[in-house]
Amino acid sequence: MDLMIQSQLAENVEGGVLLDVSADDLIVRAYVVIASVDLAVVEKLVPVSVFESGAQVHVAGMQVNTDITEEVIQILENMSPQDIVVFLCENAVVYGETLAVLGIKH
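Basis of the calculations
- Residues numbered from 1 in each chain as written.
- Predicted model: local features only at pLDDT ≥ 70, side-chain atom pairs only at ≥ 80, totals over all residues.
- Heavy atoms only, no water.
- Pairing = 2+ DSSP bridges.
- Helix = DSSP H or I, 4+ residues; strand = E, 2+ residues; numbered from the N terminus.
- Axes fitted to C-alpha atoms, helices over the stretch in contact; angles between N-to-C directions.
- Contact = heavy atoms within 4.5 Å.
- Buried < 20%, exposed > 50% of the residue type's maximum accessible area, 1.4 Å probe, protein only.

Participant: Tell me about the sheet that holds strand 4 (residues 57-62), residues and numbers included.
Facilitator: The strands making up a sheet are joined through hydrogen bonds of the backbone, oriented either antiparallel or parallel. In space, the five strands of this open sheet follow the order 1-2-3-5-4, with mixed pairing throughout. Looking at the sheet topology across the chains shown, the edges are occupied by strand 1 (5-13) and strand 4. For this sheet, the mean inter-axis angle between neighbouring strands, taken without regard to orientation, is 25 degrees. By the bridge criterion, six bridges tie strand 3 (residues 26-34) to strand 5 (residues 84-89) in an arrangement that is parallel. Bridging across to strand 5, V33 finds its partner in L88. Relative to the sheet, helix 3 (residues 68-77) contacts strand 1, strand 2 (16-23), strand 3, strand 4 and strand 5, its axis offset from that of strand 4 by approximately 170 degrees.

Here it is in structure tokens:
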């Protein structure tokens with residue numbers, strides 16, 4: 001499935017950015033950060049109110065050997081409106097590639 005993905009910067013966060021992402025009719029928020037795959041990072045980024053609201057929080061470890069485009073599309077296809085996704089990028093190159101797939105030039 002080919003999604004038309006567009007994003008806008010919502011705010012800068014520690015190690016990356018928070019984006020408002022539009023993928024066809026789906027609108028979600030995405031944290032894209034350079035960090036190791038660690039749930040403590042997710043808990044630090046995502047406000048407690050999001051967890052309490054019942055919204056699902058999706059987490060993806062983005063690595064050098066990951067097909068970034070395929071991973072992003074697969075996650076977005078499995079999200080519902082108002083869900084949150086956290087992309088934990090292994091390094092700056094993966095971070096830049098992930099942002100590019102989400103429609104942000106870095």
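Participant: Give me unusual backbone geometry: which residues, what numbers.
Facilitator: With a phi close to 55 degrees, D24 is a non-glycine residue in the positive phi region. Take D24: it is sitting in the loop between strand 2 and strand 3. Residue class for D24 comes out partly exposed when judged on its relative accessible area of 37%.

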